[in-house]
Structures are given as C-alpha cells and as structure tokens.
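# Coordinates in review
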Amino acid sequence: MPGDYDLVVVANRLPVDRVEEPDGSTSWRRSPGGLVTALEPVMKREDGAWVGWAGGAGDEAPEPFDAEGVRCVPIPLSEEEVEEYYEGFSNGTLWPLYHDVIVAPGYHRSWWEAYVRVNERFAEAAAVQAAQGATVWVQDYQLQLVPRMLRQRRPDLQIGFFNHIPFPPFEIFAQLPWRKAIIDGLLGADLVGFQRAADANNFARACRRASNLPARAGRIRLDAEGGREVRAASFPISIDFRALDELAQREDVKARAAEIRRDLGDPEHLLLGIDRLDYTKGILHRLKAFEELLDDGRVDVAEASLVQVATPSRERVEQYVQLRQDVEVTVGRINGTHSTIAHTAVHYLHHSYGREEMAALYLAADVMLVTALRDGMNLVAKEYVASRHDERGVLVLSEFTGAADELGGQALMVNPHDIDGLKDAVLRALRMPPREAGRRMRALRRRVGDHDVQRWAASFLEALAQHAPDPRGTAAEVAASAEASA
Ligand code: G6P
C-alpha cells in the first residue's frame, strides 16, 4: 500500500537533533546544515517526509513525528550496526576510499553485511512512506544501495540520488570488493547527482569498467531493464547565502566579531580554520605551514594568530582518534615554541559552535584557510564568503575541493601538499592590498549569492522530473515552486 508523502528524503541523519529536557522528556531541535535549509520550503509545500537515523543506538526508534513542518521517520540502529554500518563500512571503508585513500580503508565482510542490512531498512521505510508516483531523493554514500532496493519494491517512484562526497577515479574505486553491488545500487535511481563534473565522469567510467555498461555523455543504458537510462550529472551544492548574509549583518554578530578580536589581543592578522576534525581537511598541513612561517620569522606571533576550530566528529573511529592526537601534539609544540605571555600562536577549539558564533568568527578573520586534501564541496569556504558583506577578507582554497571549480578564479588557490606554496599563499593573503581583496570578495559573493542551496535543490528536482516524467506532474511542480522561492 503506497504511503501519503509526495516527496520523501532519505538521509543517514534526520534533520533534527534529540534534546533532553530538564524534566527528562525529549524534544527535537532543527540541526544546523544546508540540506535541511534547502529542502524545508519544498518539504513544507509538498507533503514531505524525511527518513533518517536519529543518532544513538538501540533496537527501538522513536515513533514518526512532525518537526518544523516536516514528517520525520526515525530509523533505529543497534549498537552493533552503529559500529559496523556507520563507523565501519560508511566511515572506515567508503569515506577514505572515496577521498583518495588518504588513510587506508578497511575491507571487512561483516561491515558490508551490516551496510546491506541497514540500507534495506532505510529502503523499506521510504517505500512505506512514499505516495503513488512520489519522488524519493536519497542522500549520500551511507545509502548507495537504497535506490535499487527501493525500485524493486516500488517501480512507480521517481528516484534521485545525490552523492555529497567525491566519487573516486576507477583505479581507486576498483579496490572495493563490492564495487559492482554499489554501482548496481546507485543505478536503481533515475538521476545520480554529484558535486563536480569529474565525479560524474568517474562514476560513468566505473559503470563501464566494473559492470561493462554502455555509458555516454552522462547517460548509462541498462539493456537488462528494457533500455532504461540513468542520468549522471553534476549539481554543486551550496549554502543558504541570504540567511548567512543577514545573520552576519546583525549588530550583535558584528559586535561579537569585534569582541573576538579584542579577546585575542587585537592581532594585526587573524587567520581562521573551521573544520570537522577529519583527516581529509588538511589541518596538519595548515599547521605545518603556519609553524614554519613562525620558525622562519616571516610571521611574528605578536602580529598574527591562527584560530583553529575543529568540530568533534566520528570520535570512535581509529583514524580520527589518531588525528586528534597528532593535531593536539602539533598545536602544543607550536604554542610551546612560539607563544608569549601576551600572544598565543594557535587557538585550538575542539568544540562545535552555533550559527551566530560561526558568523562572528568568519567576520573577525582576515584570512580563511581551507586546505582540504580532498573534499566533495567544502561549504565552509562558501560560508566565509557569504558572511563577508564588508567585502574584506581573503579566502585561501585548496584545489582539491569541489568549491575550487566555482571559486578558483578569485580565491588564492593552493596545493596543500606543497608546504612552500602554502606558506607563500598565506603571506600573499596577509599582505593583499584591500582593493584587490575587495575586488576578489565581490566576485566570490556574486557567484555564491547566485548559486545558493535553494537553487541547487530546485535544479536537481527539475532535472529528475525531466528525466523521469511523473504523470501527475508533481515533481515538476515541486521544482518550479522551489525555483520560484529561491
Ligand atoms: C559529510 C557527509 C555527510 C555527513 C557529515 C557529518 O558532510 O557528506 O553525509 O552527515 O559529513 O558526518 P557524520 O558522520 O557526523 O554524519
């Protein structure tokens, strides 16, 4: 029996976080993040449901509930599934494999089995919620088998998939013992979206090489399914530009930015890094470059400080434990050597912050350092740009981010492996004449302002509706109305 919802989003996480109230009851608060922002208006207008994990472990999940106009359908994960599906196959196998094997992926059959089992659970829940002919939009690498599992249950659905992280070159993807099953899982969708054209090409090539399928110009033909065609294309994700722009213009946020600088001892130059504490982000490379600039005497601790926010992430996964140790030892060494009573070289903050504080930090920073070794997009780069209504500040951006495809012309581009090049770029950013910085920032803001997350969601849904027409026209209306509100 079809369900009630015309648009169903399936993502590993629900768009809300569970909050324990003082009286012991639980409530739900919208979690920060672009995806929720992008989809909320569409979800409210259409009858939208969101299927996802509520965090935590246990065999029972909360009953479906409504939060901020969205029907939330929680999926339970047992303690063992958190270890094997989430920490294991998703973040110990796929995450490093898809990020160019910066650390070695683990290939364990028990992890794969848990991944299959949990993907079945998500697919089943989506199949129950989706109305006849509904649109289902599956998100990210944790759920790559869901499109096929869903099509088997509900051939009437329009199915889209979006991969938020890179899709690796075939020579790397080929390591995966279950590569054909992953490709087959994704090909259950009508449209498979990626951040960059290069990711879509890597996927099409993997279809040819691993599964011997004809793939040309972003279309993969499935003869075994009556010639059904799957489209693969790029849809670079973005942020809610307007909301962040407005937030950063609030008087309290501007005052907080000034206060942050004062509290840091009014350094002449403030450098900033904000990342999840993840080995893909190049935090150690950034610290090394800053340390050498201090060692060489090209930067003085009385003039420049680095604030590094490292949001806790995946804290039980081995490589993340190791990275945290390495970062903390490095920060300790830099500060031990270079800080003075009056000036701290690196302010390291292992916390997550709310939107206001983030906006104030962006506004306080003269130079934003995004030095990822590989990153699907990197929304921090776009958030920095959206916060700089004053048209000041310089973005140093790794060429290995998806954002480089869009912002590369105006940001200072770096190869984070090239420490000398990185040091030169940091110095150039610190010394950039205000007129040049202003010109670059204006162009960056035009780009991000024109390509916000609302436009991203609308263009994906529109492409899906065009590729797999729905007799009721629902998806097209969804896309058109989302575009109108963008
Ligand atoms: C990346 C992934 C998301 C993921 C997020 C946070 O952005 O693309 O799917 O939700 O990291 O990671 P976590 O493991 O905490 O969900």
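Placed above this text is the structure.
What comes next is a walk through the structure.

So, how was this worked out
Residues numbered from 1 in each chain as written. Predicted model: local features only at pLDDT ≥ 70, side-chain atom pairs only at ≥ 80, totals over all residues. Heavy atoms only, no water. Near = heavy atom within 4 Å. Polar contact = N/O pair within 3.5 Å; in protein donor to acceptor, adjacent residues only side chain to side chain. Areas by Shrake-Rupley, 256 points an atom, 1.4 Å probe, with all protein chains shown as cover. Helix = DSSP H or I, 4+ residues; strand = E, 2+ residues; numbered from the N terminus. Nonpolar A, V, L, I, M, F, W, Y, C, P; charged D, E, K, R; others polar. Buried < 20%, exposed > 50% of the residue type's maximum accessible area, 1.4 Å probe, protein only. Contact = heavy atoms within 4.5 Å. Pairing = 2+ DSSP bridges. Axes fitted to C-alpha atoms, helices over the stretch in contact; angles between N-to-C directions. Phe/Tyr/Trp six-rings, centres within 6.5 Å; stacked < 30°, edge-to-face > 60°. Lys NZ or Arg CZ within 6 Å of the ring centre and 35° of its normal. Core = buried A, V, L, I, M, F, W, Y, C linked by side-chain atoms within 4.5 Å. Domains from an automatic or database assignment. Parallel < 35°, antiparallel > 145°, perpendicular 65-115°, else oblique. Left-handed = near helix turned anticlockwise from the far one by under 90°.

With that settled, the discussion passes to the site of the ligand. In the region of the ligand, the neighbouring residues are Arg13, Tyr86, Asn91, Trp95, Asp140, Tyr141, Gln142, His164, Ile165, Arg276 and Arg314. With respect to the ligand, the side chain of Asp140 contributes an N or O atom lying 2.5 Å from an oxygen atom. For the ligand, the accessible surface in isolation is 370 Å², of which the surrounding protein chains cover 70%. Among the elements that make up the shell around the ligand, the one with the highest residue count is helix 2 (residues 79–98) (3 residues). The residue makeup of the shell around the ligand, split by class, is 4 nonpolar, 3 polar and 4 charged.

So, on to helix 12 (residues 355–364). Among the 10 residues of helix 12, 8 are classified as buried, and the element is accordingly described as predominantly covered. Turning to helix 12, its buried residues are Glu357, Met358, Ala359, Ala360, Leu361, Tyr362, Leu363 and Ala364. Buried positions along helix 12 lie against helix 8 (241–248), helix 9 (251–263), strand 13 (269–276), strand 14 (304–311), strand 16 (367–370) and helix 13 (379–387).

Backbone geometry at Asn212 places phi at a positive 60 degrees, although glycine is not the residue there. Among the secondary structure elements, Asn212 is positioned in the loop between helix 7 (197–211) and strand 10 (215–216). Positive phi, normally seen in glycine, also occurs at Ala217, with a value near 45 degrees. Mapped onto the elements of the fold, Ala217 is located in the loop between strand 10 and strand 11 (219–222). A relative accessible area of 78% places Ala217 in the exposed class.

Moving on, we get to the sheet that holds strand 15 (residues 346–349). The 6 strands are arranged 15-14-13-16-17-18 in an open sheet whose pairing can be described as parallel. Strands at the two margins of the open sheet, each flanked by one partner only, are strand 15 and strand 18 (412–414). Sheet twist, expressed as the average angle between the axes of neighbouring strands with direction ignored, equals 20 degrees. Alignment of strand 17 (residues 394–398) against strand 18, held across 3 bridges, turns out to be parallel. Opposite Val396, over in strand 18, you have Leu412 as the bridge partner. Packed onto the sheet, helix 15 (residues 419–431) meets strand 13, strand 16, strand 17 and strand 18 and runs at close to 165 degrees relative to strand 18.

Once that is clear, we can look at the packing of aromatic side chains. For the coordinates displayed, the defined rule picks out 23 aromatic pairs. Linked through ring pairs, Tyr85, Phe89, Trp112, Tyr115, Phe122 and Trp178 together constitute an aromatic cluster. The positively charged end of Arg314 is found above the aromatic ring belonging to Trp95, 4.2 Å away from the centroid.

Attention now goes to the nonpolar core. One finds Phe122 and Phe203 to be the most contacted residues of the largest nonpolar core, which totals 105 residues. Element by element, the count of residues in this core is highest for helix 3 (residues 109–129), at 9 residues. Looking at which domains feed residues into this core, each of domain 1 (5–237 + 453–485) and domain 2 (241–450) gives three or more. Contact partners of Phe122, with chain neighbours within four places excluded, come to Val10, Ala11, Asn12, Val51, Gly52, Trp53, Ile75, Tyr85, Leu143 and Val146.

Where strand 2 (residues 16–20) meets strand 3 (residues 26–30), 5 bridges bridge the pair, whose relative direction is antiparallel. Across the sheet, residue Asp17 finds its bridge partner in strand 3, namely Arg29. In this antiparallel pair of consecutive strands, strand 2 and strand 3, the connection spans 5 residues, and Gly24 shows a positive phi of 95 degrees.

With that settled, the discussion passes to the packing of helix 8 against helix 13. Taken N-terminus to C-terminus, the directions of helix 8 and helix 13 make an angle of 50 degrees; their axes are 8 Å apart at the nearest point. With respect to each other, helix 8 and helix 13 are oriented oblique. Helix 8 and helix 13 meet at a crossing whose hand is right-handed. Side by side, helix 8 and helix 13 meet where Phe241, Leu244, Asp245 and Ala248 of the first sit next to Glu383, Ala386 and Ser387 of the second. Across the contact of helix 8 with helix 13, the residue classes break down as 4 nonpolar, 1 polar and 2 charged.

If you trace the 10 strands from one edge of the open sheet to the other, you get 5-6-4-1-7-8-9-12-11-10, paired in mixed fashion. The sheet is open, and its two edges are formed by strand 5 (65–67) and strand 10, each paired on a single side. Sheet topology places strand 4 (residues 48–53) next to strand 6 (residues 70–75); 5 bridges connect them, and they run parallel. Paired with Ala49 across the bridge in strand 6 is Arg71.

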